[in-house]
Amino acid sequence: MIYHGAFNATSTELEEHLEEVGEVVPQWVYSMYSQTHFHSTTHEVLGVISGSARLCFGGEENPERFEPTVQRGDLIIVPAGVGHRLLEDLHGNEEEFQMVGAYPHGKQWDMCYGKPEEKAKVQRIKDVAWFRQDPLYGVDGPALHI
């Protein structure tokens, strides 16, 4: 789920806004790993605070994968279990691609790569509860209407 042009804020301002809404806790500012990975313990909220990039959701081998271009001001919600990775940082002479990463209160993210030994983790994804309110918009945002 991508909200294009959803905010105009610095890293600090976005972090403060997410904390004010209260659904997620900002935990890092970074790019996205270039290796496909997913999280089995939590959904992930990513706010692009600089640059632009082409990302891959669903895995490169998946014919139904999604490869959007995102830029500053876009907010991405990655459900638990959805593989994702950076395909290309499009910064050129512009700003480097950076995001604020946030997760629901009390959730610790893990790193999974689709390996056979991760089967038990994959089984738990179905038990990860969805958001109680939209991480960016609050009580009645788009994340609650999917």
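Residues numbered from 1 in each chain as written. Predicted model: local features only at pLDDT ≥ 70, side-chain atom pairs only at ≥ 80, totals over all residues. Heavy atoms only, no water.

Trainee: Teacher, can you tell me more about helix α1 (residues 11–21) here?
Mentor: One turn of the α-helix equals 3.6 residues, which is why residues spaced by three or four share an orientation. Those residues of α1 not exposed but buried are S11, L14, L18 and V21. Down the axis of α1, the buried side of the element spans an arc of 95°, and every buried residue falls inside it. Lining the buried residues of α1 we find β2 (24–30), β3 (44–50) and β8 (98–104). Immediately downstream of α1, the backbone of G22 shows phi near 90°, a positive value. (Buried < 20%, exposed > 50% of the residue type's maximum accessible area, 1.4 Å probe, protein only. Helix = DSSP H or I, 4+ residues; strand = E, 2+ residues; numbered from the N terminus. Arc of directions from axis to C-beta. Contact = heavy atoms within 4.5 Å.)

Trainee: Would you mind showing me how to read the pairing of β3 here?
Mentor: The side chains of a regular strand alternate, residue by residue, between the two faces of the sheet. With respect to burial, β3 is a largely interior element, seven of its seven residues being buried. Of the strand pairs in this sheet, β3 and strand β6 (residues 75–78) are connected by four bridges, and their pairing is antiparallel. Bridge pairing links V45 to I77 in β6. Note that β3 and β8 share five bridges and pair antiparallel. In the strand pairing of β8, V48 is matched with M99. (Pairing = 2+ DSSP bridges.)

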